[in-house]
4 protein chains.
Amino acid sequence: MPGNTFGQAFRLTTWGESHGPSVGCVVDGCPAGLELAVEAIQRELDRRRVGQSKVSSARQEPDQVEIMSGVFEGRTTGTPIAMMVRNTDAKSSHYTNIKDLYRPGHADYTWDVKYGFRDWRGGGRSSARETIGRVAGGAVAKLLLARYGVSIVAWTAQLGDLVAQTFDEDEIERNIMRCPDAAVAAQMVERVDAARRSLDSLGGIVEVRARGVPPGLGEPVFDKLQADIGKAMFSIPAIKGVEMGEGFGVAHLRGSENNDPFVRRADGSIGTTSNHHGGILGGISTGEEITVRLAAKPPASIAQRQQTVDRAGNPSDIEIHGRHDPTVLPRLVPIAEAMLALVLADHLLRQRLARADF
Amino acid sequence: MPGNTFGQAFRLTTWGESHGPSVGCVVDGCPAGLELAVEAIQRELDRRRVGQSKVSSARQEPDQVEIMSGVFEGRTTGTPIAMMVRNTDAKSSHYTNIKDLYRPGHADYTWDVKYGFRDWRGGGRSSARETIGRVAGGAVAKLLLARYGVSIVAWTAQLGDLVAQTFDEDEIERNIMRCPDAAVAAQMVERVDAARRSLDSLGGIVEVRARGVPPGLGEPVFDKLQADIGKAMFSIPAIKGVEMGEGFGVAHLRGSENNDPFVRRADGSIGTTSNHHGGILGGISTGEEITVRLAAKPPASIAQRQQTVDRAGNPSDIEIHGRHDPTVLPRLVPIAEAMLALVLADHLLRQRLARADF
Amino acid sequence: MPGNTFGQAFRLTTWGESHGPSVGCVVDGCPAGLELAVEAIQRELDRRRVGQSKVSSARQEPDQVEIMSGVFEGRTTGTPIAMMVRNTDAKSSHYTNIKDLYRPGHADYTWDVKYGFRDWRGGGRSSARETIGRVAGGAVAKLLLARYGVSIVAWTAQLGDLVAQTFDEDEIERNIMRCPDAAVAAQMVERVDAARRSLDSLGGIVEVRARGVPPGLGEPVFDKLQADIGKAMFSIPAIKGVEMGEGFGVAHLRGSENNDPFVRRADGSIGTTSNHHGGILGGISTGEEITVRLAAKPPASIAQRQQTVDRAGNPSDIEIHGRHDPTVLPRLVPIAEAMLALVLADHLLRQRLARADF
Amino acid sequence: MPGNTFGQAFRLTTWGESHGPSVGCVVDGCPAGLELAVEAIQRELDRRRVGQSKVSSARQEPDQVEIMSGVFEGRTTGTPIAMMVRNTDAKSSHYTNIKDLYRPGHADYTWDVKYGFRDWRGGGRSSARETIGRVAGGAVAKLLLARYGVSIVAWTAQLGDLVAQTFDEDEIERNIMRCPDAAVAAQMVERVDAARRSLDSLGGIVEVRARGVPPGLGEPVFDKLQADIGKAMFSIPAIKGVEMGEGFGVAHLRGSENNDPFVRRADGSIGTTSNHHGGILGGISTGEEITVRLAAKPPASIAQRQQTVDRAGNPSDIEIHGRHDPTVLPRLVPIAEAMLALVLADHLLRQRLARADF
């Protein structure tokens, strides 16, 4: 009933607040025997980390992860894998003067209404720092998926009206926007920098794909693969839209255009000649690439003067200073990958239960 | 682990195949003491039923629901509410000649891969007939929500490039497209009819909203209200995109445009002056209207000749005859309402657990 | 959160009240491809049925089960299996005069306190008629287990101070007490008959065992095999004690007596030379026989005059007439088997998730 | 599906191995606003700690707990409460020479079979050190229960044939056996000391009770209060039997003896004149004292020479040296309390969902 666990068979529970002692997670259900080195986790956390560039927050923390349990002689044992990162650069002072104000676009008001009070330091649990546990858990999921030939990649596809026009996968991690089009990436950086200088922020679109997914993953009728992906993506802070395959484009298509013909591939397996469906039919993976797009809102923390109320409902102005991202896109990339990895690892395991003759 | 149950506190399990003896559901977790008449369930099922118009399938069934348990003297008892509809117009003969072919855009191939074989009669469990259980369960959820002042309404917002321009709520149930703009509805009907005549089908967009939702619903960080709504909507057959609030529009917005200022309302409560956020902030309801949009693909069953393979991978042509909808939009309306009702009923109950001093 | 579902991977949800339209269940998670004939379900229900003998209630119902979904051409499809039995001999008149009284030893008071009111006809949902859904679901579990070489058998081991002294498995279903010792069975029947004549009831002990259970089933640390068996057994009406292996006898044993030495068996596998542990070590099956004993209280419904209160708390006498069992033991036998089968089927599936190299 | 989480609304996940970096837990679902000081957790952990007396293991660790999240300004925030204890006295050297042998009565064999290999250092995850997370989580549950007037107490009731004859609650924590009868406690200590000197161990019985439990807790039909208590208790290492109320004694009782008459109490509430039922009827609490008894086997680790096999199945002798308890009883006391507290906290919350008019 509480909401801090994701998944059924491969299960992630995260804990921690922005300015508490630590953030972390427990992965329960990872099969025994998987090779797991702390470096693989750290690599993903480093991708997520702030303070990496002028398009990100200036919070400086090493985000050094420690594996607390579940690994013996370099392999998972089938027991819970707890991982933890200490918070070391938590500056609550930035928040003391606005602790009774409700920041527009933020969770301050709703958490107060729900719980009666809240940890106002850095957004508490509603801070994006919570995603450290997701990325750490997602890193384990990625290792498991890799053993079964599944790989995941995400990138910044759009910022405002700037849309990536070319796709060079190697380019993604080369530029600070994580955009596969180097020229557009450069324009995006300028745009973000300008937004920051004007004390504003920008929204955009991230795309995430999974390749090598075996056909058969997904549990109709409520835990369809697209349903669990939808849930995973909408659980990420700032996401306001999710689409798979043709997405909202289907509103303009006819059945004869949108249906993907089945064919036998050279290797004898069955596939489709096009991929309007985005790798999922009837809630179950087809083996084609899974394609997902996410719309991320412009970060709510802006230094401009905004209108709001305090806890008592009194009108007030507010200016949010501190260390904030003018866009979430580049940091969203590893988070979106982690969430897709968690869904696929879960369904890869659940698929083992489908047949009596398995 | 199996996927036929939705929700945590207010829980729906559906069962049944298109051409099996019956379809039905069990609602577990409905609080005791709720007035529940079978007519309220039947009314929603009648809205979902096929054979209602020239934009829908010709399958003719009364879809008469029977409440099998959980109600005593007109009120829920706190025990499971089982409901059942007998299948009476199941014509398997339409399917015998294509039972070894994989219909493009359908679940035939993926279910075969997953389970090793499938009930090919009318799509079996992947048939939209499964949604009868959802609509019946959603009807109970709606009754519960109504007691707390929450109402839900959905409508057809777009078909191809035809977009509803005006909003007359009373108009929705008056036209067979369930479009709130009578003039556009008429155009849509023509467009659907033309598509049917050309043996094709059309996609579109349905919008669904909830009003009167109390602030405080939603369970961070994974069971955020938008995450569970996302899952619910993506679990509906044919849905390829979901957005809330500004949705994909946020890609074009700046933080200063997208943030909704907080104000004290006349009644002393706190609200926002605009609703870009769509009624949810930080995963928790704000009390503003919850706004959701769904992209539905053109139905995969079309009578045109298409290319596909059989179970052995041999190429084959296929023509799908039988009784199919050229668009799912009008029938999607009550289903989308049901799914939103299920999510909100679940979170209305879960919210009772948030505080020690409750 | 509601409590009408048992199991994780192999999942049973039951519904229905004693005097409502029907009782039934949904089995979700049964793997596809299992041969399933309605006769196999009916056979188990017939064993559970009342009106079989002078040691059981006189309620006369055929308890004819109907499979509503999930089976196609004689095999499970991987979709939910709904099963239903209509209530046909429900005589509410026996209950109208005591509907405001709290029967001692019954659930009347506690259900009223919990839910605010209750379906008083025949105990409503707290009636043993609810176990029809368990036995139907357990029958499916037994079929699955049989495919993996697991068999389950239960019997009446003790009634008062009458203890079965010999064990003839074939004898169990031959006598109405389901006692493996024919001579003691005869004495038990006399004892039960005498109790009935004196308007009283009797408690006793049922034993249930599983053979052929593969080693490796059970999910530490909370879903240990013994923990889930404990839950399953204590969920059966009337059970007040559960023990496995040596049970309460361990209080009198030394470690050197209670430890079972490991040996290599003739077939090369590893086993133990004795079975004090009852087939489970560290929460996981060893491959040895799983042995469980259940203490069942004397039925609360007795025709003697008893002291109680009504809903308002006013003192009152009560005499419970109608059709009641003077002992639950023989009918408990198939129910205990069903519950053990449900636990083992669940863990047989969950075991598939344990290793990465599966 | 993995088994390291207990509870639905009040949820405990534990992690950690005997000789890994740490053991710990996450409590999810604790309502916001509960006063929580680390000292309250530490107090319970100190009771559980080893090295306290000559009847316990000599492992010396402070077991200092750290709260990692979920608490702000001394109160719970409604977010996950992570707690951790570093392992500081882990001596793997005791285990290296037996790492390929299966200790009789231990989980070595079954974990190897299940997971393919295991962390053999100190029993890994099957070590009783895992119960640190349970006791920490149970301490939070106790604090919550205390706010609602519920208290829990456990004690050593029996060791071999030594049975506590008197009950002085204050005596329990005064003697190292945690027996409420000082004279019998002294005899028990002698008996345990003798067992240790003869390189053996002893079993016994612990009793645990809850007072002040409001009527109405428990979720029929599978999550009955006794079912969840049964599961909780059987999940504790070494437990082989559980009984509630009259327990196995019901086998010898008649209905007229076992039924507890209802009466109106002086304060107007309804209660029973006796408590054969042990505080639960129909799966729901009555408000009377909840009474549970647990049979704990003699610890499997004994220094005597025993017969066993190694991983390859070769026969071998084994002697288990190191730091082991000759009886688990006194340390079982706080663990049993913790598990009962976890069940009751969970159902206290779940009860909030029972009625529409709540």
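Residues numbered from 1 in each chain as written. Chains lettered and ligands numbered in written order. Predicted model: local features only at pLDDT ≥ 70, side-chain atom pairs only at ≥ 80, totals over all residues.

Draft legend 1. Layout of the relation of the copies chain D and chain C. Each copy of the sequence occupies a distinct position, and chain D is placed on chain C by a rotation of 180° and an axial shift of 0.0 Å, giving an RMSD of 0.0 Å. The two molecules are tied by a two-fold rotation axis, judged by turn and shift. Taking C-alpha positions as reference, the residue of chain D nearest the rotation axis is D:Lys231, located at 2.3 Å. (Least-squares fit on C-alpha atoms with pLDDT ≥ 70 in both.)

Draft legend 2. Up close: the interface of chain B and chain A. Contact residues are listed per partner, giving 98 residues for chain B and 99 residues for chain A. A class-by-class count of the residues in the side of chain B that touches chain A yields 42 nonpolar, 37 polar and 19 charged. In the sheet, strand E11 (residues 239-244) of chain A pairs with strand E11 (residues 239-244) of chain B via three bridges, with the strands oriented antiparallel. Each residue of the ladder has a partner; that of A:Val242, found in E11(B), is B:Val242. (Contact = placed C-beta atoms within 7 Å. Nonpolar A, V, L, I, M, F, W, Y, C, P; charged D, E, K, R; others polar. Pairing = 2+ DSSP bridges. Helix = DSSP H or I, 4+ residues; strand = E, 2+ residues; numbered from the N terminus.)

Draft legend 3. Up close: the packing of helix H4 (residues 131-147) of chain C against helix H8 (residues 329-350) of chain C. Residue and element names in this part refer to chain C. One can describe the packing of H4 onto H8 by two numbers: an axis separation of 7 Å at closest approach and a directional angle of 50°. Between H4 and H8, the angle is such that the two are oblique. Judged by the twist between their axes, the crossing of H4 over H8 is left-handed. Residues Thr131, Arg134, Val135, Gly137, Gly138, Ala141, Lys142, Leu144 and Leu145 of H4 form the contact with H8, whose own contacting residues are Pro334, Ile335, Glu337, Ala338, Met339, Ala341, Leu342, Leu344, Ala345 and Leu348. (Axes fitted to C-alpha atoms, helices over the stretch in contact; angles between N-to-C directions. Parallel < 35°, antiparallel > 145°, perpendicular 65-115°, else oblique. Left-handed = near helix turned anticlockwise from the far one by under 90°.)

Draft legend 4. The sheet that holds strand E16 (residues 290-296) of chain D, seen in detail. Overall, antiparallel pairing links the ten strands, which are arranged E9(C)-E8(C)-E10(C)-E16(C)-E11(C)-E11(D)-E16(D)-E10(D)-E8(D)-E9(D) in an open sheet. If you trace the sheet from one side to the other, it starts and ends with strand E9 (162-163) of chain C together with strand E9 (162-163) of chain D, each paired once. Sheet analysis places strand E11 (residues 239-244) of chain C next to strand E16 (residues 290-296) of chain C, joined by five bridges and oriented antiparallel. Note on E16(C): the bridge partner recorded for C:Ile239 is C:Ala296. Its contacts with the sheet place helix H8 (residues 329-350) of chain D against strand E8 (151-159), strand E10 (204-211) and E16 of chain D, and it is angled at close to 145° to E8(D).

Draft legend 5. Spatial organisation of unusual backbone geometry. Look at the link from A:Pro220 to A:Val221: it is a cis peptide, with omega at 0°. Counting through the fold element by element, A:Val221 comes out in the loop between strand E10 (204-211) and helix H6 (225-234). For D:Asp63, which is not glycine, the phi dihedral falls at a positive 50°. Following the sequence through the fold, D:Asp63 ends up in the loop between helix H1 (38-48) and strand E4 (65-67). One non-glycine residue, D:Leu199, lies in the positive phi region at around 60°. Tracing the backbone through its elements, the reader meets D:Leu199 in the loop between helix H5 (182-197) and E10. Taking the number of C-beta atoms within 10 Å as the measure of exposure, D:Leu199 has 16 and is therefore partly exposed. (Buried ≥ 20, exposed ≤ 12 C-beta atoms within 10 Å, placed from the backbone.)

Draft legend 6. Structural view of the environment of A:Gly245. Along the chain, A:Gly245 turns up in the loop between E11 and helix H7 (255-258). Placed 30 residues apart in sequence, A:Gly245 and A:Asn275 show a C-alpha to C-alpha distance of 7.0 Å. Setting aside residues no more than four positions away along its own chain, A:Gly245 makes contact with A:His276, A:His277, A:Gly278, A:Thr291 and B:Lys240.

Draft legend 7. Looking closely at the interface of chain D and chain C. The interface is formed by 99 residues belonging to chain D together with 98 residues belonging to chain C. Ranked by the residues each element gives to the side of chain D that touches chain C, the list is headed by helix H6 (residues 225-234) of chain D, at seven residues. Classifying every residue of the side of chain D that touches chain C by side-chain character gives 43 nonpolar, 37 polar and 19 charged.

Draft legend 8. The sheet that holds strand E7 (residues 81-86) of chain D, seen in detail. Strands sit in the order E1-E2-E3-E7-E4 (chain D) across an open sheet of five strands; the sheet is antiparallel. Strand pairing shows two members of the sheet lacking a second neighbour, strand E1 (5-6) and E4 of chain D, which therefore form its edges.

Draft legend 9. Region of the structure containing the environment of A:Met339. Residue and element names in this part refer to chain A. Tracing the backbone shows Met339 in helix H8 (residues 329-350). With 106 residues separating them in the primary sequence, Met339 and Met233 have C-alpha atoms 6.8 Å apart. If we ignore the near neighbours within four places in the chain, the residues touching Met339 are Arg134, Gly138, Ala232, Met233 and Ile236.

Draft legend 10. Molecular detail of helix H3 (residues 108-115) of chain D. Burial analysis of H3(D) places seven of its eight residues in the buried class, which makes it a mostly covered element. Residues of H3(D) that are buried: D:Asp108, D:Tyr109, D:Thr110, D:Trp111, D:Val113, D:Lys114 and D:Tyr115. Summarising the contacts, the buried residues of H3(D) are in contact with strand E12 (262-264), strand E13 (270-272), strand E14 (280-281) and strand E15 (284-285) of chain C. Taken from the residues just after H3(D), D:Gly116 is the one with a positive phi, measuring 90°.

Draft legend 11. A look at the pairing of strand E2 (residues 11-16) of chain B. Residues and elements named next belong to chain B. The buried fraction of E2 amounts to six of the six residues, a majority that puts the element mostly inside the structure. Residues of E2 alternate between two faces, with Arg11, Thr13 and Trp15 on one and Leu12, Thr14 and Gly16 on the opposite face, all of them buried. Across two bridges, the pairing between strand E1 (residues 5-6) and E2 is antiparallel. Within E2, the residue paired with Phe6 across the bridge is Leu12.

Draft legend 12. Structural detail: helix H8 (residues 329-350) of chain B. Here H8(B) contains 22 residues, and its C-alpha end-to-end distance of 31 Å stays within 8% of the 32 Å for a straight helix at 1.5 Å per residue. Most of H8(B) is tucked away: 22 of the 22 residues are buried. (Expected span 1.5 Å × (residues − 1).)

Draft legend 13. Geometry of the confidence of the model for chain A. On average, chain A scores 95 in pLDDT, and the residues at 70 or more come to 97%. Quick note on the complex model: pTM equals 0.97, ipTM equals 0.97. (pLDDT = per-residue confidence, 0-100.)

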